[in-house]
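# Structural overview for review
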Amino acid sequence: MSIIDGKAISGQIRLGLTEKVAKLKEEGITPGLAVVLVGDDPASAIYVRYKEQACTDTGLYSEVHRLDAATTQETLLSLVERLNTDDKIHGILVQLPLPNHIDEMAILRAINPDKDVDGFHVINAGKLFVGEKGFVACTAKGIITLIKSTGIDITGKTAVVVGRSNIVGKPVSMLLMEQNATVTMCHSRTRDLAKVCAGADILVAAIGRPEMITGEYVKQGAIVIDVGTSRVDGKLKGDVLFSEAEKKAAFITPVPGGVGPMTITMLLENTVEAAKIHG
Ligand code: GUN
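Bear in mind that the values here come from a model prediction, so they are computed numbers and not experimental data.

This paragraph deals with the overall build of the protein chain. Scanning the protein chain from N- to C-terminus turns up 10 helices and 11 strands. Computed over the C-alpha atoms, the radius of gyration of the protein chain is 19 Å, within 12% of the 19 Å expected from 2.2 N^0.38 for a compact globule of 279 residues. Each of the 279 residues in the protein chain was classed as buried or not, and the buried ones make up 48%. Considering only intrachain contacts with a sequence separation of at least 6, the fraction spanning at least 24 residues in the protein chain is 70%.

Here's what the structure looks like:
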């Protein structure tokens, strides 16, 4: 069994990005990311701080807009519109989830698709669906990068994705299909989940249920990607019961240190790409 070291792979990609940013700066372009955080969800606050730090480390310009939980949809929309026309800003990220009184899809749709470095706008989601080039959701992009890092050819493999979210499950299924995997999408209503998962050469667990994927879900020799980040008694837990899954998997991502670091690295990559295209 080999551990897929997301932290190390992410570190290598960030080195390359730091060089790219330095070159862009010589051409007079400083890639800029605006992050918008509404409310005081502690997990979101931590993610936003990581994103800010990653920008600083890589040489990007970043600004964080922290708004009160009671912020109206109109106020948030006008901030997004201002950022859409701000030349310093190449990428806009509105941290999810948003408070219940705000229509999340309406906010995402207001972001200029050319600055949608999260890949959540319907235009970018649609481009992925039809196979056109656009921004791809960062976690999904990170997962494919990790799978490719194993050197295993994805073509013809059986891939099972557990979880059907717009952020992970749906985009990662599209990307796996694009790489010629035979993809099955599973969710909370799937029958005989363990049996379906046990047939997977590539298993992606993105359900948000700590350690639900036990050894019986894992095929001998599988690649297991754990997207879970649940906090249990102050400790970060994945969706996979690592101690059992590692006995059967050929490659497995740890939590923490697997998918997590890749998500922010792909966000930096998308922002640098946006700056390169639209300067
Ligand atoms: N909330 C959890 N993951 C993400 C993400 O990748 N982007 C945004 N904007 N919000 C999130």
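What follows covers a nonpolar patch on the surface. A surface patch of nonpolar side chains, about 290 Å² in accessible area, is lined by I46, Y47 and Y50. Look at I46 and you get partly exposed, because its relative accessible area is 31%.

Turning our attention to the site of the ligand. Near the ligand, the surroundings consist of L93, V94, Q95, L96, D118 and F120. Q95 places a side-chain nitrogen or oxygen 3.3 Å from a nitrogen atom of the ligand. Look at the ligand: alone it shows 280 Å² of surface, and the protein chains cover 83% of it. The residue inventory of the shell around the ligand, partitioned by class, reads 4 nonpolar, 1 polar and 1 charged.

Turning next to the pattern of salt bridges. A full pass over the atoms with the stated rule returns 5 salt bridges. Its salt-bridge partner being E269, residue K141 comes within 3.1 Å of it at the nearest N-O pair. Here K141, found in helix α6 (residues 138-149), pairs with E269, found in helix α10 (residues 259-278); they are 128 residues apart in sequence, far enough to count as distant. For E269, a relative accessible area of 24% corresponds to the partly exposed category. Between K219 and D201 there is a salt bridge whose closest N-O contact spans 2.8 Å. Placement of the pair is K219 in the loop between β7 (202-205) and β8 (223-226) and D201 in the loop between α8 (193-197) and β7, with a sequence separation of 18 residues. When its relative accessible area of 30% is taken as the criterion, K219 is described as partly exposed.

With that settled, consider the state of the cysteines. One pass over the structure, following the stated rule, counts 0 disulfides. Between C138, a cysteine without a disulfide, and C55, which holds the nearest cysteine sulfur, the sulfur-to-sulfur distance is 11 Å. Sulfur of C197: no disulfide; nearest cysteine sulfur belongs to C186 and is 5.3 Å away. A relative accessible area of 0% means that C197 is categorised as buried.

Now for the sheet that holds strand β2 (residues 32-38). The parallel open sheet is built from 3 strands, whose spatial order is β3-β2-β4. Because the sheet does not close on itself, it has two edges, and the strands there are β3 (61-67) and β4 (91-94). Across the sheet, the mean angle separating the axes of adjacent strands is 15° when strand polarity is ignored. Strand direction decides the pairing type here: β2 and β3, joined by 7 bridges, are parallel. Opposite L33, over in β3, you have S62 as the bridge partner.

Definitions and limits used
- Residues numbered from 1 in each chain as written.
- Predicted model: local features only at pLDDT ≥ 70, side-chain atom pairs only at ≥ 80, totals over all residues.
- Heavy atoms only, no water.
- Helix = DSSP H or I, 4+ residues; strand = E, 2+ residues; numbered from the N terminus.
- Rg over C-alpha atoms; globule rule 2.2 N^0.38 Å.
- Buried < 20%, exposed > 50% of the residue type's maximum accessible area, 1.4 Å probe, protein only.
- Contact = heavy atoms within 4.5 Å.
- Patch = residues over 30% accessible without salt bridge, like charges linked within 9 Å, V, L, I, M, F, W, Y side chains within 5 Å.
- Areas by Shrake-Rupley, 256 points an atom, 1.4 Å probe, with all protein chains shown as cover.
- Salt bridge = Lys/Arg side-chain N within 4 Å of Asp/Glu carboxyl O.
- Near = heavy atom within 4 Å.
- Polar contact = N/O pair within 3.5 Å; in protein donor to acceptor, adjacent residues only side chain to side chain.
- Nonpolar A, V, L, I, M, F, W, Y, C, P; charged D, E, K, R; others polar.
- Disulfide = S-S within 2.5 Å.
- Pairing = 2+ DSSP bridges.
- Axes fitted to C-alpha atoms, helices over the stretch in contact; angles between N-to-C directions.

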